[in-house]
Amino acid sequence: MSSFIELKPQCAISPWSKNVDELLFTYPRHTVPPQLEARGVSHSTWMKTYDGVAGIYEESLSTVRGMKLPLFFLVPCLAPCFLMPKMIRASLDIHAAWIELVQSQAEIYRRYGINLTLAKEYRSRTIGTGSDRRFDMQLETVGLRFEMSSNVDAPVHQHAGHAAFPAVQATAVAKDDTLTRLEKANDLYRDGAISYDEYTQLKSRIMAGK
């Protein structure tokens, strides 16, 4: 048997959020969650993990502030075509930051019998405008998931919707390949070779690694 908790914002972020201090997380920085404290996780370890999560959200907000766009444009499928290259890179950078955070923290928590993975949620997004406007569901990383194993020495395993992670070098290669494929999809749509629906479907498959 196992139980889990997740460190993430308590609700979806407002598209116009300006500062990470506006976010209310599921657990505060100043107190170790009881489930983790019972396993021996120290306050300093918890604060470092919390700051890592908050730092990624601050990076996201800083990116969109620089581009003067709402936060939801970090989902590449929703960005205007002329912004696509920048938004693709920003989205992939944030994704890489989540992976690097998990890799840096997973071994620390493993010694306490805690499996650390990404917390993901489906979020509703509006795609298109006018008569083409419709709602779509995007699976997004929202924070970290801490799963307490009944076996303290249990290895990190793949959880449905919370994948185990490759090495940083492999991640960089995959990131470059994804960026190339997304830019090609953007070119096809811009040149009129594919429709808007085909364009969004293609990008969704690429972002899913298909």
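Heads up: the structure comes first, above all this text.
Residues numbered from 1 in each chain as written. Predicted model: local features only at pLDDT ≥ 70, side-chain atom pairs only at ≥ 80, totals over all residues. Heavy atoms only, no water.

Draft legend 1. Looking closely at the overall build of the protein. On a plain count of helices and strands, the protein comes out with 5 helices and 3 strands. Reading the helices (α) and strands (β) of the protein from amino to carboxyl end gives β-α-α-α-β-β-α-α. Pairs at least 24 apart in sequence give 63% of the contacts found in the protein among residues at least 6 apart. Accessible area for the protein stands at about 11300 Å²; split by element, carbon and sulfur atoms hold 54% of it. (Helix = DSSP H or I, 4+ residues; strand = E, 2+ residues; numbered from the N terminus. Contact = heavy atoms within 4.5 Å. Areas by Shrake-Rupley, 256 points an atom, 1.4 Å probe, with all protein chains shown as cover.)

Draft legend 2. Structural detail: the nonpolar core. By size, the foremost hydrophobic cluster in this structure holds 31 residues, and its most contacted members are Leu 36, Trp 98, Leu 144 and Phe 146. Only β1 (3-7), α2 (43-67), α3 (84-110), β2 (114-127) and β3 (134-148) provide two or more residues apiece to this core. Core analysis: the second largest hydrophobic core is formed by 5 residues, Ile 88, Leu 92, Ala 185 and Ile 206 among them. (Core = buried A, V, L, I, M, F, W, Y, C linked by side-chain atoms within 4.5 Å. Buried < 20%, exposed > 50% of the residue type's maximum accessible area, 1.4 Å probe, protein only.)

Draft legend 3. Quick look at a nonpolar patch on the surface. On the surface, Tyr 122, Met 137 and Leu 139 cluster together to form a nonpolar patch covering roughly 340 Å² of accessible area. Tracing the backbone shows Met 137 in strand β3. With relative accessibility at 46%, the residue Met 137 sits in the partly exposed group. (Patch = residues over 30% accessible without salt bridge, like charges linked within 9 Å, V, L, I, M, F, W, Y side chains within 5 Å. Salt bridge = Lys/Arg side-chain N within 4 Å of Asp/Glu carboxyl O.)

Draft legend 4. Representation of the environment of Gln 103 in the model. As for its placement among the helices and strands, Gln 103 is situated in helix α3. Residue Gln 103 is classed as partly exposed on the basis of its relative accessible area, which comes to 26%. Here the alpha-carbon distance between Gln 103 and Thr 117, two residues 14 residues apart in the chain, equals 9.0 Å.

Draft legend 5. Inspection of the pattern of salt bridges at higher detail. Counted according to the given criterion, the structure contains 5 salt bridges. For Lys 8, the salt bridge is made with Glu 6, and the minimal N-O distance between the two is 2.8 Å. With respect to burial, Lys 8 and Glu 6 carry one shared label: buried. The salt bridge involving Arg 145 is made with Glu 6; its shortest N-O contact spans 3.5 Å. With Arg 145 in strand β3 and Glu 6 in strand β1, this residue pair connects regions lying 139 residues apart in the sequence. Each member of the pair Arg 145 and Glu 6 is classed as buried. Connected via shared salt-bridge partners are Glu 6, Lys 8, Glu 121 and Arg 145.

Draft legend 6. Representation of the packing of aromatic side chains within the structure. Within this structure, the stated rule accounts for 6 aromatic pairs. Look at Tyr 109 and Phe 146: their rings are 5.2 Å apart centre to centre, the planes differ by 70°, and that puts the pair in the edge-to-face class. Placement of the pair is Tyr 109 in helix α3 and Phe 146 in strand β3, with a sequence separation of 37 residues. Like Phe 146, Tyr 109 is buried. In this structure an aromatic cluster arises from ring pairing among Phe 25, Trp 46, Tyr 50, Tyr 57, Trp 98, Tyr 109 and Phe 146. (Phe/Tyr/Trp six-rings, centres within 6.5 Å; stacked < 30°, edge-to-face > 60°.)

Scope: geometric values only; no functional claims are made or implied.
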